[in-house]
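Each chain, letter by letter, is given below.
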Amino acid sequence: MKSKIHEFKKINKIMSKNINTISNIKIKLTLLASCFVLLTSCADKKTEEAVHEEEKSENEVALTEIQFKTVGIQTGFLENRNLNLVIKANGYTTVPPQNMANISTLIGGTVKDILVLEGIFVNKGKVLATIQNLEVVEMQEDYNSAIANIEYLQLEYNRQKTLSDENVNPRKILQEVKAKLAVERARAKAAKNKLQALNMSTNGSSLVPIVSPISGYVGKISIAKGAFAETGITLFEVVDNSQMHLDLNVYEKDLGSISVGQTIDFILTNQGNKSIKGKIFGINKSFSNESKTVAVHAKINPADSKDLISGMYVSANINIKNTTVPALPKDAVVKNGDKYFVYIQEENEEKNAATKAESQDKEEHNEIHFKAIEIIPGTTDLGYTEVKFVEEIPADAKIVIKGAFYLLSAMKGGGEHEH
């Protein structure tokens, strides 16, 4: 019996020891789990802070005071400026119909000579080419025959009138001569009109001259020597550029702001950026095409139009009116991608507190912080650009008006300056 009691105590002691071991293991596991959760939470917090700082750094840039002075950055404030509002429009140069001639012939024939070259200037009445047609010889014969008959009938009419007045011959003969005289006069006039329409004289050659009806520059020549020139087919183009004007395509929504007399500034799309001025003289009263645009016509100063060619594409600003708008110097606006920004100087005492504590050299380590603010640019006039802020900024915000492009380069490593 005693041996059994001793054995039971021994077993109980072993079990108690095992229970204590298991409890210790549970406690240790619990502590390990708590530490893991704590470490994970700290790591997540650090990651969030890093992401937040990275997002902030994308729109911020900091310069030391030495950099600030070296670059020559200047700040200013948003101003209300009296700027000229504009409507943008595209179009092309053209000339009035009366200053452009597509020259053809009223009678077919073989091209005998071509007397001009493309691009040369010709005066009104200049012979451009000659064509040969034997029908004009018959016209000249008809005219000369009619003139000869007129001379004979005129003498006969005078003689019959004298006889009729003396009651020697009946008046019927006088009337017959008078009728024949009228027919021959009509035939002579018709033949002469035909010859004049062909720019020919009543005597001489069978060569029909092709003459220019206006002064201007010879454009395309569509005939060749020896070829047959058909009626109704354009043989020459002559253009007078002295009355060059613009045809601008303006959308329906902008028509209410446009009127005759407004000035425009335009540049040639495929040429240099030289600005040329003009003035609106006419507005169409119907839509030009399916795009729902209306043609607006503007005169160009003849001195500026001498080097222009009909058909050149242009980009124009139609000056509407002067108005007071929030504006900044145009150098304050920079373009990054498809968006436009300005930079404001931030109050940075808290940001620089640690830096000041770490360094005694304040000028080298004290940083000045700037933040990029997105804007929507408007019209640019007299060196200032209208700005509309996407988000509201403080009324006393210090805005960078000189050196903004440098800040963009420092922040993004490059950028495109919008002038």
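Residues numbered from 1 in each chain as written. Predicted model: local features only at pLDDT ≥ 70, side-chain atom pairs only at ≥ 80, totals over all residues. Heavy atoms only, no water.

1. Remarks on the overall build of the protein chain
Looking only at helices and strands, the protein chain has 8 helices and 21 strands in total. Residue burial in the protein chain is summarised as follows: out of 419 residues, 33% are buried. Within the protein chain, contacts between residues separated by at least 24 positions form 75% of all contacts whose residues are at least 6 apart in sequence. Just so you have it, the protein chain exposes about 26,900 Å², and 53% of that area is on carbon and sulfur atoms. (Helix = DSSP H or I, 4+ residues; strand = E, 2+ residues; numbered from the N terminus. Buried < 20%, exposed > 50% of the residue type's maximum accessible area, 1.4 Å probe, protein only. Contact = heavy atoms within 4.5 Å. Areas by Shrake-Rupley, 256 points an atom, 1.4 Å probe, with all protein chains shown as cover.)

2. Considering the packing of aromatic side chains
Counting across every chain of the model gives 2 aromatic pairs. Here the aromatic rings of phenylalanine 68 and phenylalanine 370 are separated by 6.2 Å at their centres, their planes lie at 5°, and the arrangement is stacked. Taken together, the residues span a long stretch of sequence, with phenylalanine 68 in helix H2 (residues 65-71) and phenylalanine 370 in strand S19 (residues 367-381) at a distance of 302 residues. A relative accessible area of 0% places phenylalanine 370 in the buried class. Ring plane angle 70° and centroid distance 5.3 Å describe the contact between phenylalanine 121 and tyrosine 217, whose orientation is recorded as edge-to-face. With a gap of 96 residues between them, phenylalanine 121 in strand S6 (residues 121-122) and tyrosine 217 in strand S9 (residues 216-221) connect regions that are remote in the sequence. (Phe/Tyr/Trp six-rings, centres within 6.5 Å; stacked < 30°, edge-to-face > 60°.)

3. Overview of the pairing of S19
Sheet topology note: the strand S1 (residues 60-64)/S19 ladder contains 5 bridges and is antiparallel. Of the residues in S19, the one forming a bridge with valine 61 is phenylalanine 370. Pairing of strand S18 (residues 339-345) with S19 involves 6 bridges; the strand directions are antiparallel. Residue tyrosine 340 lies in a different strand from S19, and its bridge partner there is isoleucine 375. Direction of pairing for S19 relative to strand S20 (residues 384-389): antiparallel, over a ladder of 5 bridges. Bridged to isoleucine 376 within S20 is lysine 388. (Pairing = 2+ DSSP bridges.)

4. Digging into the sheet that holds strand S10 (residues 228-229)
Pairing is antiparallel in the open sheet, where 4 strands are placed in the order S8-S7-S5-S10. Looking at the sheet topology across the chains shown, the edges are occupied by strand S8 (207-211) and S10. Relative to S8, strand S7 (residues 127-132) runs antiparallel, the two sharing 5 bridges. Its bridge partner being in S8, alanine 129 is matched across the sheet by isoleucine 210.

5. Details of a negative patch on the surface
Side chains of Glu135, Glu138, Glu141 and Asp142 sit close together on the surface and give a patch of like negative charge. Within the secondary structure, glutamate 135 sits in helix H3 (residues 135-165). Among the residues examined, glutamate 135 registers a relative accessible area of 46% and is labelled partly exposed. (Patch = residues over 30% accessible without salt bridge, like charges linked within 9 Å, V, L, I, M, F, W, Y side chains within 5 Å. Salt bridge = Lys/Arg side-chain N within 4 Å of Asp/Glu carboxyl O. Lys, Arg positive; Asp, Glu negative; His and termini not counted. Charge placed at Lys NZ, Arg CZ, Asp CG, Glu CD.)

6. Points about the pattern of salt bridges
Two side chains with opposite charge may pair up if their charged atoms get near one another. In total, this model carries 7 salt bridges according to the counting rule given. When the shortest N-O distance is used, the salt bridge between aspartate 165 and lysine 161 registers 3.5 Å. Of this pair, aspartate 165 and lysine 161 both sit in helix H3, 4 residues apart, roughly one helical turn. For the salt bridge of lysine 253 with aspartate 254, the shortest nitrogen-to-oxygen distance reads 3.3 Å. Classification of lysine 253 by relative accessible area gives exposed; the value is 70%.

7. As for the confidence of the model for the protein chain
Of the residues in the protein chain, 79% reach a pLDDT of 70 or more, and the chain-wide mean stands at 80. No element of the protein chain has a lower mean pLDDT than helix H6 (residues 353-358), at 47, and none a higher one than S6, at 95. Here residues 45-56 scores under 50 on pLDDT; set against residues more than four positions off or in separate chains, the count is 0 contacts. The model gives residues 414-419 a pLDDT under 50, and that stretch makes 20 contacts with residues more than four places away or in other chains. (pLDDT = per-residue confidence, 0-100.)

8. Here's the deal with the nonpolar core
Residues Ile103, Val116, Leu128, Leu198, Val208, Ile223 and Phe236 are the most contacted members of the largest nonpolar core, which totals 31 residues. At the level of elements, strand S4 (100-103), S7, H3, helix H4 (171-197), S8, S9 and strand S11 (236-239) are the ones that each hand at least two residues to this core. Ranked by residues supplied to this core, first place goes to H3 with 6 residues. Apart from the residues lying within four places of it in its own chain, the contact partners of valine 208 are Ile107, Ala129, Thr130, Ile131, Val136, Leu198 and Met200. Ranked by size, the runner-up nonpolar core spans 22 residues in total, among them Ile280, Val296, Ala298 and Leu308. (Core = buried A, V, L, I, M, F, W, Y, C linked by side-chain atoms within 4.5 Å.)

9. Here we look at the environment of leucine 115
Examined against the element boundaries, leucine 115 turns out to sit in the loop between strand S5 (109-114) and S6. As for leucine 115 and threonine 130, which are separated by 15 residues in sequence, their C-alpha atoms are 8.3 Å apart. Not counting chain neighbours up to four residues away, the residues in contact with leucine 115 comprise Val127, Leu128 and Ala129.

10. Here we look at the pairing of S4
Burial along S4 is one-sided: Ala101 and Ile103 are buried, and none of Met100 and Asn102, which face the opposite way, are. Two elements, S4 and S11, share 4 bridges in a ladder whose sense is antiparallel. Counterpart to isoleucine 103 in the pairing with S11 is phenylalanine 236.

11. Regarding the sheet that holds S4
Taken together, the 4 strands give an open sheet; going across it, the order is S4-S11-S9-S6, and neighbouring strands pair in antiparallel fashion. Lying at the two open borders of the sheet, with one neighbouring strand each, are S4 and S6. The sheet contact formed by S6 and S9 spans 2 bridges and is antiparallel. Directly across from phenylalanine 121, in S9, lies its bridge partner tyrosine 217.

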